[in-house]
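One letter stands for each residue in the lines below.
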Amino acid sequence: MLDQEIIGKLKTILGSDYVSDAAEELFIYSRDQGVQDPHMPDCVVMPGSAPEVQEIIRLAMQKKIPVVPMGGGLLLSGLTVPLKGGIVLDMKRMNRIIEINERSHYAVVEAGTSQGMLDAYLRKHHPGLKHSLPDAPPSATIAGNIAIHGSGHLSQSEGGFHSEMVTGLEVVLPTGELVKFGSCSTVPAWFSRAPLPDLVGLFLGWNGTTGVITKVGIKLYPRPSLHDVMVFMTEDIDLAPMIISRIINTEVAEDINYALAPKPDYLNGFQMTVINVTANSEAEIKMKKQIIRDALHDFYETKEAGFMPVPPNMKAGFLEAPQKALSKFADVRKGGGFEYVGAIMPIEKIPEACRAGMEITARNRITYSLGARIIGRGHCAMFFFAYPFNRVDREEVERVKKALEDTNKTALQLGGIPWKAEVQGQQLILKQMEPETYRVMKKIRDVLDPAGIMNPGNWEVG
Amino acid sequence: MMEKGLVDILHRCFRCGWCKLPTNYHDINCPAYLRYRFESFSAGGRMWLIKAWLDGEIKTSERLAQVLFSCATCMNCVEACAIPHIKDHLVDIFIAARQDMVETGIIPPSVRDYFKAMNTNGNPYKMPRADRKKWAEGLNIPAYTGQEYLLYIGDEASYDDLGIKMSRSIAHLLNEAGISFGALFEDEQGDGNEVHALGELGLFAELAHQNISDWNRRGIRKIITISPHAYHAIKNEYVKHGSTFDVYHYTQVIGTAILQLPKRREYPSRVTYHDPCYLGRWNRVYLQPRSILNSIKGLTLVEMDRSMQNSLCCGGGGGNSFTDILGTGPDLAGRSRVREALSTGAKIIAVACPQCYRMLDDAVKAENAQEQIRVMEITEIMNLALP
Amino acid sequence: MHELIFNTKLCENCKTLDCIMKCQYIEMDLDEAGREHAKILRGEESRILKDCVTCYACEEYCPSRNHPFYLIVERQEQLGIHPVPKPIEKSQVIMMGPRGKIKQKELKAPVIDMCFFDIMKGGIRGKLFEGATTIGGSDVFCNLMFLHFARNSTIRERLPLIMDNIMKYYLEPAGVKEIICYHDECYGTYTSWAPAFGIDVPFRPVHLFDYIYHKLIDLKPDIKPLNVKAAYQRPCSNRLCPETDHFVDDIFNLIGVERPKRTYEYKNALCCGGIPEAAQRFDLVEEIQRKNVEDMKSTGAQYGVFNCPFCFWTLAEPVAKAGMIPIMMSDLCLMALGQ
């Protein structure tokens, strides 16, 4: 528990409305939607500006109070749960859209800006542009998502992980300095990280252990006026890498997702490759679809696989971004929850990952949804092993926890790396990481965060 | 105690946060979350806290009461929720939790005051019942004696000065349109919608029964309400207490009668319409108020980013216009709404609800925007446009 | 069990081979048609079995009503020809199968059988369907769609159970003897396919248009003629019950809809393209949809009218993009009734 003097100081910085150590806030911020154990914060604060973040961090550093930055709080793997207590920094009041550069195709937003609000803003004010939306709910934040190496609707066609789409950052360091990285550090515009020494990576994938992101520059892309979806259905898991590669190589698929699940029963045993195509004219979309069909011609000619006719209501679901259906997955067990291991892995490992996922879920007596989003024109896949659970069924929650542990191990064995892994998963990764790499990580962290206040417990050898 | 059917679905909320935004994601659309910003004040946070409270993981407290009573029952969460089997029940759960909280006796003072006023005075303004006739002073409004419709005025439009402006304007226009109606004046009493929304279901049942039996005794079959809140209560809640009235919001009757009105002159203006939650999301009446406005020559109707099913509440719903749990500050829903209206370039915010009228009129002042924009009720604009 | 009742002799002696010569999708001269036809009769492979778009039209073209299409489907199945890719076929067989999840409900006549399309029951409303009750879903689904998948066997296996469900759970308890078939497919099942396979139907099927027509006669004073032009998309399953096709004109006359003459209607109707799409014949889909919609448009039609929900889902968008309003027949009638 923090003494009231510190709470008082925080209230002086932020105003009393945005500091709480009430039981209600401590309860909610002590857990996320996944299966990780809760850990109580000592207080929750909501800064409204970068200088306020600086003041909070300085106070925390001085008093050696842990600080956990949080965006949408939708990670499911507990990365914003304060393992060692302290202050949870809910960034969502900082949600201003600062700049849209139409010509150089980037946006600058405050860290708490939600995916949904940026999308709506672009649709209204810059209808020709879009950013890559993850399939997280629209309340997920831009900064949170880039910080965890998120991926989304343009990850296949437009350059990979969302962290790769970052053009610049403004960060409050664990010692309180406000620092810019990328072109914005040198000139007014936020157009790129090159040609400067690239320090942006110091804050991406670090689970909030190196600083608090307060502003992000991200790339924007054209938003074609037409959007359609094709669904290729197969029955042979081993075909996946070849089919996916063929589609990637057409260079006309905006987004490619692969999925299999035991429910509904009529899809059990089949796999769907969902291909999104966008265009600016009917002729263009027709041509693109034709190119994709041609690429898979020999599969459907033999009638061993084929494009599924997609009725309008199903199509509307596929075209939705972000997809509400993914949140609905939490209700599969009528229990308000799911968690997943999202493993970044080579595309050729997809069949093995599918089989492993089915085996793990059978062994742990749980159900699943498995699949992959293709990243960066076929350089890897984000393979998800998603397991729904009923949160009031403690026994099922334990089985899901066990399945997650098994899955993390399996993903690493397959040559993949668990994404936004919970603490136990991070430790598995570190165990397998080359020691020199980890030593450098630790050195950097010690330099940046000498007081060790930033999200302690994360990226630490257990 | 919260009914089992609701308790049994509490844990099915994933707290995924769709409930914070409208379905077009334009901006935060939950008044309580907009004002407080803690996850605990979003619909999902409230669901988890209610479950924790019922499970004994957190105690009854003033903060919890604030979380529960800050909900404006605006239905944005119901509209936006991603989980089909719980979404329709979110607001029912919040009201049921308030009812449980009322039973513990730990409720915010302003909520207690509201109940007390309703109990002792029959209205939240603590005004004498005899004053319910004052709204019609100087107008030739007949008492109800078997006309086609009862014009039900309600508390706000009987006592609040803006509400009175509204009831006078509506009654005037109904007269112009040749609608056969009468009012009850001092024989009227509150409909109880906010009593219900605040969780005092016993008092609500009493009010409903009294009204139903009084109206039945008078042979009333068809009712026009001024307030969407009364419309909702009589149309959807009173039926659970045995009522069978045909209920209309005044915009529905006027919308239909509009073709019979005398030829209107032009009223050049740029207007944006604010959907009341109890007319819009609760009852899906979106088009009639707009068609009334569109019937005025020279009036340009511009939509806000958040309109119709995505509309932002004025912040007054769920009893908040009386209990003020949402307090003050730039993040009040009403003030956010006024800024949104200003961004459309509209000079008038058209309203169709006395609570929205009051909340938004206050918000225009708080935003210091009286020079740029004003709030007017739909029929006030219509009456200006009459020859 | 339940073999196709097919008169081979009659077919062998046919001189005109209308079933092939009138086909809009397979071109061949009479000589080739004769050879291919003989192969089919002998149970051998024929390019007809592979090229057939399964539009059911030959059922109507055959002057003897000798069920050439049902024979094609039999032969396709016997020879292991899969018009649609196997995973899609298998998935559909599971998706559309009876679930044994019938919830009893109170029914009274008229009982509208929604086929699989319970989702469309919002259309059963207004004066046209006053007092009507509906049944629908997988447990009462006729399964005739599996004609498109070379699976007479699936229909054969499921239809007796389906009819039993309809009788036992719905019609018998309600004392109702007839069902109004919302979809041509059900009506075709009970009046054509079932008799062709020697299966008795225990209730009286009524075509939706038959019902609507007579209802409109009763409601004549309420009809406000629409005074619009419309084109009609005749569904494949109406080929199994061509005797009901006249109701389209009869209904249009009653509700004041002009049906300008066009190329692809009546016997010359074109497939909506939905099934060829499932069969991965994308060029054909494009061609027939283009021809069909251009033809509709060229008549000056303001509405594209449908009865089959599947045709509607397939063609509504192209029809709308061409500037016409896609609409279900029952909704068009409701419009004429001011609803």
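Residues numbered from 1 in each chain as written. Chains lettered and ligands numbered in written order. Predicted model: local features only at pLDDT ≥ 70, side-chain atom pairs only at ≥ 80, totals over all residues.

1. Section: the overall build of chain B
The number of helices and strands found in chain B is 19 helices and 8 strands. Scaling as 2.2 N^0.38, a compact globule of 387 residues should have a C-alpha radius of gyration of about 21 Å, and chain B matches this with 20 Å. Its C-alpha atoms put chain B at 65 × 50 × 35 Å along the principal axes. (Helix = DSSP H or I, 4+ residues; strand = E, 2+ residues; numbered from the N terminus. Rg over C-alpha atoms; globule rule 2.2 N^0.38 Å.)

2. Side note on the overall build of chain C
Along chain C, the regular secondary structure elements total 15 helices and 8 strands. The globule rule puts the C-alpha radius of gyration for 339 residues at 20 Å, and the 20 Å found for chain C is close to it. Oriented by its inertia axes, the alpha-carbon framework of chain C measures out at about 55 × 50 × 35 Å. Classification of the 339 residues of chain C by burial places 50% in the buried group. Sequence separation of 24 or more characterises 73% of the internal contacts of chain C that already satisfy a separation of 6 or more. (Buried ≥ 20, exposed ≤ 12 C-beta atoms within 10 Å, placed from the backbone. Contact = placed C-beta atoms within 7 Å.)

3. Details of the domain arrangement of chain B
All names here are of chain B. Assigned domains of chain B: these are domain 1 (4-107), domain 2 (112-256) and domain 3 (262-385). The distance between the C-alpha centroids of domain 1 and domain 3 comes to 26 Å. The partner domain 3 presents 22 residues to the 19 residues of domain 1 that form the contact. Of all elements in the fold, only helix H2 (31-36) and helix H4 (62-69) reach the threshold of two or more residues within the side of domain 1 that touches domain 3. Examining the composition of the side of domain 1 that touches domain 3, we find that 4 residues originate from one element, H2, more than from any other. Residues of the side of domain 1 that touches domain 3, tallied by class, amount to 9 nonpolar, 7 polar and 3 charged. (Domains from an automatic or database assignment. Nonpolar A, V, L, I, M, F, W, Y, C, P; charged D, E, K, R; others polar.)

4. A closer look at the domain arrangement of chain C
Residue and element names in this part refer to chain C. What the domain assignment lists for chain C is domain 1 (8-78), domain 2 (87-208) and domain 3 (212-336). Distance from the C-alpha centre of domain 1 to the C-alpha centre of domain 2: 28 Å. Taken together, the 7 residues of domain 1 in the interface contact 7 residues of domain 2.

5. Looking at the environment of asparagine 207 of chain A
Residues and elements named next belong to chain A. Along the chain, asparagine 207 turns up in the loop between strand S9 (178-182) and strand S10 (212-219). By C-beta crowding, asparagine 207 is classed as buried, having 22 other C-beta atoms within 10 Å. Sequence separation between asparagine 207 and alanine 147 is 60 residues, and the spatial gap between their C-alpha atoms is 7.0 Å. Each residue touching asparagine 207, except ones within four places of it in the same chain, is listed here: Leu79, Asn455, Asn458 and Trp459.

6. What to know about the sheet that holds strand S4 (residues 87-90) of chain A
Residues and elements named next belong to chain A. Read across the sheet, 4 strands follow the order S1-S2-S4-S3 without closing on themselves; strand pairing throughout is mixed. The sheet is open, and its two borders are formed by strand S1 (19-20) and strand S3 (67-70), each paired with just one other strand. Sheet topology note: the strand S2 (residues 43-45)/S4 ladder contains 3 bridges and is parallel. By the bridge assignment for S4, cysteine 43 is matched with isoleucine 87. This element, helix H3 (residues 50-63), spans S2, S3 and S4 of the sheet and lies at about 165° to S4. (Pairing = 2+ DSSP bridges. Axes fitted to C-alpha atoms, helices over the stretch in contact; angles between N-to-C directions.)

7. Considerations on the pairing of strand S5 (residues 97-101) of chain A
Both faces of the sheet carry side chains from a regular strand, because those side chains alternate between them. Looking at chain direction, S5 of chain A and strand S6 (residues 106-110) of chain A are connected through 4 bridges and run antiparallel. The residue of S6 of chain A that forms the bridge with isoleucine 97 of chain A is valine 109 of chain A.

8. Side note on the interface of chain B and chain A
Much of the literature gives interface size as the accessible area that the parts lose upon coming together. Each partner contributes to the interface: chain B provides 34 residues, whereas chain A provides 35 residues. Elements represented by at least two residues in the side of chain B that touches chain A include exactly helix H3 (43-54), H4 and helix H6 (84-87) of chain B. Among the elements that line the side of chain B that touches chain A, the one with the most residues is H3 of chain B, at 4 residues. Within the side of chain B that touches chain A, the residues separate by chemical class into 16 nonpolar, 8 polar and 10 charged.

9. Points about the interface of chain C and chain A
At the junction of the two partners, chain C supplies 14 residues and chain A supplies 18 residues. Where the side of chain C that touches chain A is concerned, the elements lending two or more residues are helix H7 (86-95) and helix H12 (274-278) of chain C. Among the elements that make up the side of chain C that touches chain A, the one with the highest residue count is H7 of chain C (6 residues). Looking at the side of chain C that touches chain A residue by residue, the classes come out as 8 nonpolar, 4 polar and 2 charged.

10. Points about the sheet that holds strand S1 (residues 111-113) of chain C
Residues and elements named next belong to chain C. Spatially, 4 strands are ordered S2-S1-S3-S4 in an open sheet, and the strand pairing comes out parallel. Each having just a single partner strand, strand S2 (133-135) and strand S4 (204-207) make up the two edges of the open sheet. Ignoring strand direction, the axes of neighbouring strands in this sheet form an average angle of 35°.

11. Notes on the nonpolar core
Counting 366 residues, the largest nonpolar core has Val45 of chain A together with Leu360 of chain B as its most contacted members. Excluding residues that lie within four positions of it along the chain, valine 45 of chain A makes contacts with Leu10, Leu14, Tyr18, Val19, Ile56, Ile87 and Leu89 of chain A. (Core = buried A, V, L, I, M, F, W, Y, C linked by C-beta atoms within 7 Å.)

12. Some thoughts on helix H12 (residues 394-413) of chain A
All names here are of chain A. With 20 residues, H12 should cover 28 Å at 1.5 Å per step; its first-to-last C-alpha distance of 29 Å lies within 8% of that length. If you check which residues of H12 are buried, you get Glu396, Val400, Lys401, Ala403, Leu404, Thr407, Asn408, Thr410 and Ala411. Glycine 415, located one to two residues past H12, shows a positive phi value of around 95°. (Expected span 1.5 Å × (residues − 1).)

13. With respect to the environment of leucine 270 of chain C
All names here are of chain C. Within the secondary structure layout, leucine 270 lies in the loop between strand S6 (257-258) and H12. On a C-alpha basis, the gap between leucine 270 and glutamine 289 in space is 8.4 Å, while along the polypeptide they are 19 residues apart. Setting aside its immediate chain neighbours within four residues, leucine 270 contacts Gln24, Tyr264, Ile288, Lys291 and Asn292.

14. Some remarks on helix H1 (residues 4-14) of chain A
Residue and element names in this part refer to chain A. Among the residues of H1, Ile6, Leu10 and Leu14 are the ones counted as buried. In an axial view of H1, the angular spread of the buried residues amounts to 65°, which keeps them on one side of the axis. H1 presents Gln4, Glu5 and Thr12 as exposed residues on the side facing more than 90 degrees away from its buried surface. Buried-residue contacts for H1 involve S1, S2 and H3. Of the residues trailing H1, glycine 15 is marked for its positive phi of about 85°. (Arc of directions from axis to C-beta.)

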